[in-house]
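Now for the letters of each chain:
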Amino acid sequence: MPFFYGCGSSDSSAPAVLSADMDIDTLLQQGEELYSQNCATCHYGGGGGGQNPSLFTSSIVKGSPEGLMKVILHGQRGVSMVDGRKLNGIMPAQAYLNDVEVAAIATYVRREFGKVEEPVQPAVVSRFRQK
């Protein structure tokens with residue numbers, strides 16, 4: 001039976017959208033803090049466990065920013081195959097996070113676990129939400 005913990009709530013002190021690109025170091029710093037508050041309860045240090053897949057080997061983490069934003073904002077549920085393992089869990093939607101917070105988490109996760117250098121900017125998150 002799948003289960004999930006309630007995830008942390010957003011501070012929302014950051015503006016929802018910035019007009020200029022954010023500095024990568026700021027995104028990474030905020031992303032690390034937000035990851036520990038909102039994601040680490042289930043994803044731990046990125047290695048996964050139980051019904052939670054490893055973020056180090058995740059094609060979603062290493063793929064397009066849109067794929068990761070979709071999972072962060074809309075969640076994911078049901079059976080999936082990850083690294084040859086059949087998983088049946090629930091990733092709750094994190095739509096309460098604002099665009100800066102989603103961009104920071106996505107940038108941090110992609111850099112820390114996927115070794116993807118390109119940051120995700122809040123404006124990209126904003127455009128994705130509007131689709």
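Preceding this section is the structure that the text describes.
Topic: helix α5 (residues 99-114)
Here α5 spans 21 Å end to end across 16 residues, near enough to the 22 Å set by a 1.5 Å rise per residue. With respect to burial, α5 is a largely interior element, 14 of its 16 residues being buried. The backbone nitrogen of Val100 lies 3.0 Å from a side-chain oxygen of the residue at the head of α5, namely Asn98. In the segment just after α5, Lys115 is the residue with positive phi, at about 60 degrees.

Let's talk about the side chain of His43
Mapped onto the secondary structure, His43 falls in helix α2 (residues 40-43). The exposure class assigned to His43 is buried, which follows from its relative accessible area of 14%. Not counting the four nearest positions on each side in its chain, His43 is found in contact with Tyr35, Gly48, Pro53, Leu55 and Met91.

Topic: the nonpolar core
Formed by 24 residues in total, the largest nonpolar core has its most connected members in Tyr35, Ile72, Val102, Ile105, Val109 and Phe113. Mapped onto this core, the elements with two or more residues apiece are α1 (24-38), α4 (65-74), α5 and α6 (122-129). Looking at which element gives the most residues to this core, the answer is α5, with 9 residues. Leave out the neighbours within four places in its chain, and Ile72 touches Met91, Pro92, Ala93, Gln94, Ala95, Leu97, Val102, Ile105 and Ala106.

Quick look at the packing of α5 against α6
Running from N to C, α5 and α6 cross one another at 115 degrees; their axes reach a closest spacing of 8 Å. On the basis of their axis angle, the class for α5 and α6 is roughly perpendicular. For α5 against α6, the interelement crossing comes out right-handed. Contacts between α5 and α6 pair Asp99, Val100, Val102 and Ala103 from the former with Pro122, Val125, Ser126 and Arg129 from the latter.

Conventions we followed
Residues numbered from 1 in each chain as written. Predicted model: local features only at pLDDT ≥ 70, side-chain atom pairs only at ≥ 80, totals over all residues. Heavy atoms only, no water. Helix = DSSP H or I, 4+ residues; strand = E, 2+ residues; numbered from the N terminus. Expected span 1.5 Å × (residues − 1). Buried < 20%, exposed > 50% of the residue type's maximum accessible area, 1.4 Å probe, protein only. Polar contact = N/O pair within 3.5 Å; in protein donor to acceptor, adjacent residues only side chain to side chain. Contact = heavy atoms within 4.5 Å. Core = buried A, V, L, I, M, F, W, Y, C linked by side-chain atoms within 4.5 Å. Axes fitted to C-alpha atoms, helices over the stretch in contact; angles between N-to-C directions. Parallel < 35°, antiparallel > 145°, perpendicular 65-115°, else oblique. Left-handed = near helix turned anticlockwise from the far one by under 90°.

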